[in-house]
Amino acid sequence: MCWSIPGKIIEINDNIAKIELAGVTKEVGLDLIDDPKVGEYLLIHAGYAIQKVDEESAKFTIDFLNGKINGKEND
Amino acid sequence: MDKITIAHGSGGKMTHELIKNVFLKHFDNEVLNNTEDSAVVDVSSKQIAFTTDSFVVKPIFFPGGDIGKISVCGTVNDIAVSGAIVKYISCGFIIEAGFDISELEKLVISMAKTAKEAGVKIVAGDTKVVDNKEADGIFINTSGIGVFDNEYRLGVKNIKPGDKIIISGTLGDHGIAVLSKRKHLEFGTQIQSDCAPLNNMLLDVAKVSGEYLRFMRDPTRGGLATTLNEIVSPDTFGITIDEQYIPVNEAVKGACELLGLDPLYIANEGKVIIIVDPSVEKKVLEQLKKHQYGKDAVTIGIVTQEDAGKVLLKTRYGVTRILDMLTAEQLPRIC
Amino acid sequence: MVKRMIKYVDEYRDVDTCLSIAEKIREISTKPLNIMEVCGGHTMSIRKNGIQKLVGDNINLLSGPGCPVCVTAIKDIDKAIALSQIEDVIICSFGDMIYVPGSKTTFAQAKAEGKDIRTVYSASDALKLAKEEPLKKVVFIGIGFETTAPTIAAAILQAYKENIDNFSVLSLHKTMPQALGAVLSDESCIIDALICPGHVTTITGTDMYEFIVKDLGISCCVSGFEPVDLLRAIYMITEMFEKNQPALLNAYERVVKPEGNIKAKGILNDVFKPVDADWRGCGIVPDSGLGIKDKYEKFDADKIFDINVPDSKENSACICGDILRGAKKPNDCTLFKTACTPMNPQGACMVSSEGTCAAWYKYGE
C-alpha cells in the first residue's frame, strides 16, 4: 500500500511544490512538510509530500551495502 | 458558420458544403472525388485483408498526435501486421453538435497527412451529427483494405518454440502522453505519443525475412503483456520475456512510478511485436533500426515449449514469474 | 531511447547488490523463519520481482492485512456506492476502489449507468473539483492507512480554511497497530517476524511497534519497497532471529525516523479521532478506524448524508481471514483460481490488485 515515490523540488509557490523525476513534473502539496527548499528530495504520496528524503542517510546506506558486500566491513 | 450543427448531418446543402470544403478538400483522390455511394477500387490479389476500428480517445489533441492521426494509423497498422500491403481506408465520423469546424479541419488535415505518409487512399466516408451531449466531441471509425503480393500468410499457427520475440521500440509512450493531458491528473512531460503508420517499415521487414517471419501484432489496448497473452495457448507454446531488455523511456518510467502504473500494460500506437525464426533475427533488427519508427527495436524474449499457455517474465534478478493479462483497466493508484 | 537513473529509486533496484544480499541471507539462515510482510505494497514488490525465490527455502514470506482496499468491509463499499445514487453528488475516488465489488455492484458499473464517479490522484483534486462545481456535492471516498489519511486531513483543513461547503469525505481510513496486535495475538499465529510498512511508518514513527517486540517477542523491521530495501530487511531480521534476539529495526532510514513526521501526525490528530472499524476478514477491531472530529463535521459525509445499507455475508468457503493472519496461503483455499479470480473476487484478498490472492494470481506462486 501507500504507493510513494521520491521527487526533486524544482519550484515552490506558496504551499505547492513542483517536483521532478526522470523529466516528469507534477505539482504536490507541502502541507505536511516543514521548511521545504528547492533542490531537496521529497517522498510523494497521493499528491502530497509526506517526508523529506534524508540524502546523507541514503548515500550512507548504498555505500555501506556496497562496501559490506565486497567483503570490506564498514565500521 | 464556425460550429457543427445538426443541419451538417442532415444530408442537405450544408452536408455537401462540409464534405466539399473540409473532407474532399484534404482527402482529395480520384476515387473519393467521384462521390458515388460506394468506392469501386482495383485489388491485385484474390485474398484481401480487411479490418475496422473505432476511435474515441480523449483528449482529442494530445502530445504527438490527435484522434484523426490515430484513426488512420490504427487501421493501417492492423492491416500491415497481417503482412498485406495497405491500399484503401474509409472513415466515418460521428460529431457532436457544437464541435468547432476549424478543429474538425485540423483533424482531417492530420488524417490526410498520415494517409499520404503511409501511401494509402481514403476512398469512402460518412458524417453524422448528433445533438449536443449525445457524443463526446467526435468519434471516428476507420476500415481498411490490404492486398497480398504472395501466398504466404502470417499467423499464430506459424509460431514455433525457439522463435524470437522482437519489439520495434519503447513501450508506454502513447498511453502516458494521453494521460498527461487528462483533467485533474495533469503532469508535465516531454513524452509524445508514438502514434505512427508502420506499414512501410513492416514491408521492409517482410522482404528480408520471407517465411521466417512468423507473426506480427501491435500492442495497443492492454499493452505488451495483454497482447502476448492473446497469442499463447495451452496446446501450443508459451512465451518468456526478459525484463532487462524491455525498452521504456525514462520519462515513461517516471510517470508510471508517479502514478503507480506498469508500462507493460500501457497502450502503444506505433509499435509492433514481431515473432521470427532465430535465423532472421539479426536481419530484422537491422532493418527496423534503419527506420525512424524502429530505431529502438530489440529482442525481448523467446517462444518456449515448456509453460505452454503462459507468458512468463524473467526479472532482472534472474527469477521468473507470471506476466498476466490486464484484468480491467489500469488506473492511477495510491496502494 | 533516453536512459537516466531515477534518483533514490534505481540504486535500490541494483541487481548485483540484491543478489549479494540474497546470497548472504541464504548463508546465515539455518532454521525455518516465518516473516509476515504486513503491507500489500511489499507483497506486490516481492512477487513482482520474485524475491521469495531468492531468499532460500528456510524463509517463508506470508502476506498480512496491510491492504486498505482489501480490508474495507463490503457494507462500507455499499455505503460509498449508495452515495453515488444521490442527486447532484459527484463521487471522487482513488483508482484502487473503482472495480472493487460491493454486495451487488461496483463504482465502475454505477458509472456505466450514468452516475458521476471520477478517479482522482489526490484528495486535493477532489477539492479543486468542488470549487469548480459549486452546485454539486463532491464526496471523496477516503481509504488508506496512516500514509494517506494525513493527505485527506490536509484537504479537509484547506476546505475549512477556504469555507468550501460542497466538499465532504467518507472516511474509511484505518490505522495499523491495533489490527497488527489482533493478528499477532491470535493463538493460530505462526509469525516469527514482521516486515513493517515503510510509508505508514514514515508518518507514525517506529514506537508503535515496540509492544510487538517486547510483549510478543516478534522482531519488526521497517522496510522500503524496492528489492534492495526488502532484501536488506529480510537479512536484518534473519540475523536477529538466528541470534534469538527480537529487535526493532529500521532498514528505511532515508525516510523513516523514529519520531515519524510530527507535522503530519499533528494534522492527522487535528482532523481525525479513533473509532471502531470493521476489517473485512478480521471483524471489528476497536479504535482502529479514523472518524472525522466534530469541529470538521461539515466535511463528514457520514453526517451529511443519511445512508443505510444492509449487512452482507461473505462466501462461507472464503478463508481470507486465515490468509490475512498469515495462517494459510492462497493455494490452501478451494475458491482460489476457480470461483475466486480478479474478475470475480469472492473475498478481501482478491479484491485489490495488491491483495495476497490477487498478487499470487497475477505473478504466480
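What this report covers is the structure whose coordinates are included nearby. (Residues numbered from 1 in each chain as written. Chains lettered and ligands numbered in written order. Predicted model: local features only at pLDDT ≥ 70, side-chain atom pairs only at ≥ 80, totals over all residues.)

1. Thoughts on the overall build of chain A
So, point 1. Check the secondary structure of chain A and you find 1 helix and 5 strands.
So, point 2. Each helix and strand of chain A, placed in order from N terminus to C terminus, yields the pattern β-β-β-β-β-α.
So, point 3. With 75 residues in all, chain A has 44% of them scored as buried.
So, point 4. Intrachain contacts of chain A at a sequence separation of at least 6 include 33% that bridge at least 24 residues. (Helix = DSSP H or I, 4+ residues; strand = E, 2+ residues; numbered from the N terminus. Buried ≥ 20, exposed ≤ 12 C-beta atoms within 10 Å, placed from the backbone. Contact = placed C-beta atoms within 7 Å.)

2. Focus: the overall build of chain C
So, point 1. Helices and strands together make up the secondary structure of chain C, namely 15 helices and 11 strands.
So, point 2. In summary, chain C has a C-alpha radius of gyration of 21 Å against a globular reference of 21 Å for 365 residues, a match within 12%.
So, point 3. In terms of overall dimensions, chain C has a C-alpha envelope of 65 × 55 × 45 Å along the principal axes.
So, point 4. When each of the 365 residues of chain C is scored for burial, the buried share is 56%.
So, point 5. Counting contacts in chain C only where the partners sit at least 6 residues apart, residues at least 24 apart contribute 78% of the total. (Rg over C-alpha atoms; globule rule 2.2 N^0.38 Å.)

3. Considerations on the sheet that holds strand β10 (residues 273–276) of chain B
All names here are of chain B.
So, point 1. Read across the sheet, 7 strands follow the order β8-β10-β7-β11-β9-β12-β13 without closing on themselves; strand pairing throughout is mixed. A strand with exactly one partner marks an edge of an open sheet, and here the two such strands are β8 (213–217) and β13 (320–322). Each adjacent strand pair in this sheet contributes to an overall mean axis angle of 25°, direction not counted.
So, point 2. With 4 bridges joining them, β8 and β10 adopt antiparallel strand pairing. (Pairing = 2+ DSSP bridges. Axes fitted to C-alpha atoms, helices over the stretch in contact; angles between N-to-C directions.)

4. Observations regarding the interface of chain A and chain C
So, point 1. Facing 30 residues of chain A, the contacting portion of chain C comprises 39 residues.
So, point 2. Per-element accounting of the side of chain A that touches chain C gives the leading share, 7 residues, to helix α1 (residues 55–69) of chain A.
So, point 3. Here the residues of the side of chain A that touches chain C are counted per class, giving 19 nonpolar, 8 polar and 3 charged. (Nonpolar A, V, L, I, M, F, W, Y, C, P; charged D, E, K, R; others polar.)

5. Some remarks on helix α1 (residues 15–28) of chain C
Residue and element names in this part refer to chain C.
So, point 1. Between its first and last C-alpha, α1 extends 20 Å over 14 residues, near the 20 Å set by a 1.5 Å rise per residue.
So, point 2. When α1 is considered as a whole, its buried residues turn out to be Cys 18, Ile 21, Ala 22 and Ile 25. Buried residues along α1 cover an arc of 100° about the axis, so they all sit on one side. Opposite the buried face of α1, at more than 90 degrees from it, the exposed residues are Asp 16 and Glu 27.
So, point 3. Buried residues along α1 sit against β2 (59–66) and α10 (227–242). (Expected span 1.5 Å × (residues − 1). Arc of directions from axis to C-beta.)

6. Concerning helix α6 (residues 223–231) of chain B
So, point 1. Every buried residue of α6(B) is accounted for by Gly223(B), Leu224(B), Ala225(B), Thr226(B), Thr227(B) and Leu228(B).
So, point 2. Buried-residue contacts for α6(B) involve β7 (164–167), β8, β9 (238–242), β10 and β12 (311–314) of chain B.

7. Describing the pairing of strand β10 (residues 272–279) of chain C
Residues and elements named next belong to chain C.
So, point 1. Sheet analysis places β10 next to strand β11 (residues 283–292), joined by 7 bridges and oriented antiparallel. Paired with Phe 272 across the bridge in β11 is Ile 292.
So, point 2. Between β10 and β11, which follow one another and run antiparallel, lie 3 residues, and Gly 281 among them has a positive phi close to 95°.

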